[in-house]
Each structure stands twice: as C-alpha cells, then as structure tokens.
Amino acid sequence: MHGRPFIDGLSAWGEPTQLRGPGVLSDPLLNKGTAFTTQERDALGLRGLLPPRVFTLEEQVQRSLTAVRSKQDVIEKYIYLTSLQNRNEVLFYRLVIDHIEELVPIIYTPTVGEACLHYGSIYRRPRGLFISLNERGRIAEILRLWPHGGVRLIVVTDGERILGLGDLGALGMGIPVGKLSLYTACAGVHPYYTLPITLDVGTDNALLQTGPAYIGIRERRLRGAAYDDFIAEFVSGVKSVFPKALLQWEDFGNTNAFRLLRNYRHRLPSFNDDIQGTAAVALAGVIGALRLTGSTLARQRLLFLGAGEAGTGIADLYVAAARAEGLGEAEARRHCWFVDSKGLVVQGRGEPLAEHKLPYAHEHPFIESLAEAVKVLKPTALIGVSGMPATFTREIVAAMAALNERPIIFALSNPTSKAECTADQAYSWSGGRAIFASGSPFPPVEFEGRRFLPGQGNNIYIFPGVGLGVLVSEAREITEQMFLAAANTLAGLVQPEDLAVGRVYPPLSNIREVSLRIAAAVAAAAHDAGLAARARPPNLVEDIRGRMFEPVYREYA
Ligand code: NAD
C-alpha cells in the first residue's frame with residue numbers, strides 16, 4: 001500500500017508480514033486475494049489456498065463492480081461491499097474511489113441509514129469497538145485490545161440520533177464505520193489508523209429493546225451525571241491509549257452533543273461533524289451563491305427552519321465569517337433568525353430556550369409561521385434544517401423570489417423524503433431564479449429551456465479534508481478558524497461552469513483534490529495558530545499529497 005505514514009517512523013503496516021498461509025488471507029490490510037502472484041503464493045504459503053489464475057487489481061475491480069451492480073437491492077449491495085471491505089481493503093477502496101459517485105450513496109447516505117436499521121440482522125463480523133455500560137471502569141483496557149497501535153482517527157457515536165432516524169442504540173455502528181470509509185476513500189487517511197467506536201449506553205427505542213435481532217444492551221439510555229462520567233472515562237481512555245488521536249463525535253442527540261463538544265474541544269483534537277462539518281459545508285454553499293449574486297456575507301440575512309445542531313452550527317460559523325468581514329459579533333448574530341417547531345425564536349417566547357438557541361433569541365415580536373417570518377424579516381437566504389418535508393411551500397418560495405433577485409434556498413434535511421422542498425419546486429416556484437442546494441441528491445431539473453444541476457451540501461466535502469489536515473499537522477485542537485478555512489477553500493474550488501448550471505459545490509468526482517486542498521488550508525491554520533506539533537513543511541499541498549493512502553497492492557516477494 002502506498003502513502004507515507006502520518007507519523008514519521010511509524011510504519012507498522014509497511015513492514016514485511018510475519019504471517020503465513022490463511023492468516024494472510026484473513027487480514028484485510030494484507031490480503032490481495034486472487035491477485036497474489038505465484039512468487040508471493042510460494043513465499044507466503046498460499047499455494048492451494050487460492051484458485052490458480054492470478055488476476056490484476058483492475059480485473060478484480062471489474063469483477064467486483066459487476067457483482068455490486070448485479071444486486072437489485074441496495075442493502076444487498078451494502079452487504080456485498082462491507083464484506084469486501086472486511087476481506088480486502090485495497091480492492092474495496094480502489095473500487096470505491098474509481099466509482100465514487102455510484103458507490104458513496106451505498107456505503108454512506110442514504111443506504112447506510114437503512115443498513116443501520118437492519119444492522120442486527122446483517123451483522124456478519126465485528127468492525128470497530130463496542131464499548132457498553134458493562135465495560136464501565138475498564139474502558140482503557142478495552143481500547144488496548146484494538147490490534148492496531150497508533151490509532152489516529154476515531155469516530156464515535158452513542159447512536160441516539162442516527163441521521164434522521166432517531167435512537168438506534170448499538171445499531172448506529174454503521175455510521176462510524178461508514179464515515180471512516182469516507183475518510184479513506186475521499187481524503188486518503190490510511191485505514192490502519194482509523195477506529196470506529198459505538199458507545200452502547202442503552203436505548204430509549206422500545207421497539208429495539210424488545211426486538212429479537214437487537215445487538216445492544218437492553219436497558220434504557222443512561223442520562224445525567226452517570227452518562228457524563230461514562231464519557232469522561234472514555235475520553236481519558238482515548239487520551240491515554242491513543243494520545244495522538246482525533247476524536248470525532250457523531251450522531252449524538254442534541255441534548256448531549258453541544259455539551260460534549262464544549263467540554264472536550266480544547267482538551268483533545270475533537271469536533272462534531274453534525275454541528276461543525278454541516279456548518280462549513282452550508283457556509284461554503286452560501287459563499288458559492290454569493291459568487292453568483294455578487295453580494296457579501298455581511299449583507300445577508302439568514303432565516304433558518306430548525307434550530308438544532310445543524311442550524312445553530314451554521315449560524316455560529318456564519319457569525320465567525322461575517323466578523324472576518326468586519327461585522328461586530330452582536331450585529332452578525334442579528335443577521336441570523338430561527339423558526340423552530342414552536343415558531344420564531346425570540347426573547348420571552350414563553351418556555352425556557354435551549355442554551356444553543358439563546359444567542360439567536362432576538363428582541364422581536366413573536367411570529368408563529370415561517371411564511372409570516374419571511375414576509376416580516378425579508379431574508380436573503382432560507383435554510384431548511386428541520387427534518388420536516390414540504391415546509392418550503394409555493395407561497396414561501398414565491399415570497400423569497402419577490403424579495404430577492406436570486407433567493408438562496410437550501411433544503412438540507414435528509415433523506416430526500418425529508419427535504420423542505422424539492423429542487424424542481426425551488427426552481428419552478430421562483431421562476432428559475434433560486435440558488436438551490438439540498439442535503440440529499442436531486443436529479444437535474446429542466447425549467448423553461450434551462451437545465452439546472454442542483455448542488456448537494458454533503459458533509460463529505462468537509463470532514464475528510466479537515467480530519468486529514470489535523471492529522472498531518474498534528475494539531476492539538478480543532479478551531480473555528482479551521483472550519484472557516486475549509487468553507488472558504490471549498491467555495492473557492494467551485495468552477496464558473498458549476499455556477500453556470502446553478503451548482504454551488506464542485507462535482508463529487510473531484511473529492512480527493514477537494515479534500516487535499518482543504519487539508520492544506522486546515523494544516524496552515526493549525527501552523528499559523530501555533531497549534532501544530534509537526535514542523536511546517538515547505539510545500540503543504542505536496543507534503544500532504546505524498547501522505548495520502550492510494551489503494552495499490554504492495555509486493556510481498
Ligand atoms: P436536531 O434534532 O438537532 O434539530 C432539529 C430542529 O428542527 C429542532 O430545532 C426542532 O425544533 C426543529 N423542528 C422540528 N420540527 C419542526 C417544524 N415542524 N418546524 C420547524 N422546526 C422544526 O437535528 P439537526 O442535527 O439539526 O438536523 C436537522 C436536519 O438537518 C436533519 O434532517 C438532517 O438530516 C439535516 N442535516 C443535513 C446536513 C447536510 O445537508 N449536510 C447535515 C446535518 C444535518
């Protein structure tokens with residue numbers, strides 16, 4: 001396998017293997033399957049254990065692609081790809097990278113959501129660590145059981161808010177596994193360094209608790225101080241066993257997500273993709289849209305539908321970006337308005353507001369509906385992060401189009417069935433003037449002789465590059481400036497031909513180059529802030545490019 005290790009001197013995966021015979025075939029980082037040459041088969045004791053014909057990697061990729069395509073059901077495709085990953089990682093990643101637009105929707109959203117729902121019955125063999133309440137007091141010991149030393153990248157979930165599907169408990173493991181696959185496919189993080197973890201703290205999903213195929217512990221979710229103690233033990237275990245690891249919080253419920261991020265973001269390199277990754281990808285979309293309108297961030301007024309992790313995360317990053325354009329913080333916050341399930345978020349609305357909403361609870365008369373809020377507040381951008389479909393109605397989109405020459409309308413809720421409006425609706429109800437992006441992909445739209453290619457504000461554009469940049473610079477903290485750098489870099493990579501068809505993101509086929517550029521911007525931010533433990537290389541882009549994992553077979557003999 002190519003790609004220099006992140007830490008100079010650590011090359012466990014690059015050393016000659018001591019394994020022989022079946023042991024080689026059952027290690028997915030070593031196994032080449034039918035691609036072992038005759039000499040390698042002799043040297044590694046594989047004669048007779050493999051069919052005689054030797055295939056090239058390209059031939060194996062073609063065979064696997066035919067196999068995936070022959071399966072009608074997306075879950076069958078997911079199972080096929082997962083077992084390929086568990087058998088031969090080079091082949092798996094070669095296949096995914098070469099067919100990224102076709103296969104990402106299977107290894108990650110939207111298929112991964114369905115895969116999580118069935119994780120109990122499709123579970124074949126373990127991948128990653130399950131750390132449950134039964135392991136309290138011994139978490140560091142469990143982490144030490146992981147066979148690869150020097151883990152650098154952990155994605156952890158407690159399964160409480162899996163995509164838009166809610167509390168799936170231990171079934172949520174599909175998410176850290178999928179996210180880490182994307183780190184490797186999209187940013188070249190070597191799989192040796194990655195570790196998916198599910199913290200099984202119980203589930204409040206009664207259907208799961210009693211279901212025969214449920215793989216987690218059958219208890220109600222741990223809450224309060226006992227939950228915080230469990231997380232504290234986990235984080236201190238990570239710090240002692242894998243002191244250089246980046247910890248990504250993934251799909252935690254919003255009653256815990258903001259607090260965990262606040263508590264740990266300065267104690268180890270750590271971020272929450274649902275809050276910060278979403279923020280950067282959405283902000284990049286807005287910056288991309290401004291390249292079409294010729295306006296500035298400081299002149300925008302954003303109205304959000306939904307005031308959870310995604311919405312307030314986007315607003316916080318907008319505030320940081322607008323401050324960089326010269327707005328004061330309080331003024332920048334007044335450019336962001338929220339409608340949640342109870343109406344416009346304003347001071348004195350009646351019930352106590354969750355802490356993350358407070359900075360955006362402005363002094364203003366209460367407004368009950370989104371349609372009315374659009375009329376009164378006159379936003380330039382409407383951003384849907386509510387999980388509520390069909391909430392951007394014809395009336396609302398038309399009102400946005402009456403207020404703005406090019407209204408920004410982002411329907412970010414996933415999956416497609418939850419989007420606040422469809423691409424078709426946004427274009428047709430605005431007379432073809434909307435600048436539209438969505439969380440899930442929409443097909444191209446023809447409107448009055450024009451063809452639009454709606455952009456997908458997928459976090460995949462941001463988190464792999466951010467993670468890679470943190471790993472290569474060995475940043476000890478992940479800052480807002482790094483996410484801002486990622487958003488600006490992403491927006492800068494949108495080409496005039498993308499904008500011409502209404503797409504405010506680059507095509508996914510460029511993802512490895514996008515991730516590389518973001519990684520370089522993030523590493524530069526780490527060096528500039530004095531947070532990097534590694535010395536700054538003379539050419540960041542080329543240094544990082546040389547460290548990216550390329551799935552090609554190494555030679556054993
Ligand atoms: P969350 O549970 O933290 O927040 C949801 C918010 O929506 C809450 O404030 C809730 O009050 C509000 N809400 C619920 N019903 C509403 C209604 N009828 N009207 C107005 N507001 C309502 O969830 P989240 O993490 O913020 O995610 C929200 C949505 O954003 C999800 O659908 C998710 O798929 C999507 N999302 C998209 C991306 C992306 O496109 N890159 C990234 C993250 C999240």
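Preceding this section is the structure that the text describes.
Calculation notes
- Residues numbered from 1 in each chain as written.
- Predicted model: local features only at pLDDT ≥ 70, side-chain atom pairs only at ≥ 80, totals over all residues.
- Heavy atoms only, no water.
- Pairing = 2+ DSSP bridges.
- Helix = DSSP H or I, 4+ residues; strand = E, 2+ residues; numbered from the N terminus.
- Axes fitted to C-alpha atoms, helices over the stretch in contact; angles between N-to-C directions.
- Near = heavy atom within 4 Å.
- Polar contact = N/O pair within 3.5 Å; in protein donor to acceptor, adjacent residues only side chain to side chain.
- Areas by Shrake-Rupley, 256 points an atom, 1.4 Å probe, with all protein chains shown as cover.
- Phe/Tyr/Trp six-rings, centres within 6.5 Å; stacked < 30°, edge-to-face > 60°.
- Buried < 20%, exposed > 50% of the residue type's maximum accessible area, 1.4 Å probe, protein only.
- Lys NZ or Arg CZ within 6 Å of the ring centre and 35° of its normal.

### Section: the sheet that holds strand β2 (residues 153-157)
In a beta sheet, neighbouring strands are held together by backbone hydrogen bonds and run either parallel or antiparallel to one another.
And then number 1: Strands sit in the order β1-β3-β2-β4-β5 across an open sheet of 5 strands; the sheet is parallel. What marks the edges here is a single partner per strand, and that holds for β1 (129-132) and β5 (270-272). Averaged over all pairs of adjacent strands, the angle between strand axes in this sheet comes to 25 degrees, irrespective of strand direction.
And then number 2: Direction of pairing for β2 relative to strand β4 (residues 246-249): parallel, over a ladder of 4 bridges. Residue pairing across strands places Val156 opposite Trp249, the latter belonging to β4.

### Side note on the site of the ligand
And then number 1: Taken together, 23 residues are adjacent to the ligand, and Arg161, Asn254, Ala307, Gly457 and Asn459 come closest.
And then number 2: Ser341 places a polar main-chain atom, nitrogen or oxygen, 3.3 Å from a nitrogen atom of the ligand.
And then number 3: One of the backbone nitrogen or oxygen atoms of Leu412 is found 3.3 Å away from an oxygen atom of the ligand.
And then number 4: In isolation the ligand offers 860 Å² of accessible surface; the protein chains occlude 82% of this area.

### Some remarks on the packing of aromatic side chains
And then number 1: By the definition in use, this model includes 14 aromatic pairs.
And then number 2: Residues Tyr461 and Tyr505 carry aromatic rings whose centres are separated by 5.5 Å and whose planes lie at 10 degrees to one another, so their mutual orientation is stacked. Taken together, the residues Tyr461 in the loop between β14 (455-456) and α20 (463-473) and Tyr505 in the loop between α22 (496-500) and α23 (511-528) connect sequence positions 44 residues apart.
And then number 3: Overall, Tyr505 belongs to the buried group, its relative accessible area being 1%.
And then number 4: Among the aromatic residues, ring-to-ring pairing joins Tyr427, Phe436, Phe442 and Phe452 into one connected group.
And then number 5: Against the face of Phe55 rests Arg53, its NZ or CZ located 4.1 Å from the ring centre.
And then number 6: For Lys179, the ring lying beneath its charged end belongs to Phe463, and the centroid distance is 4.6 Å.

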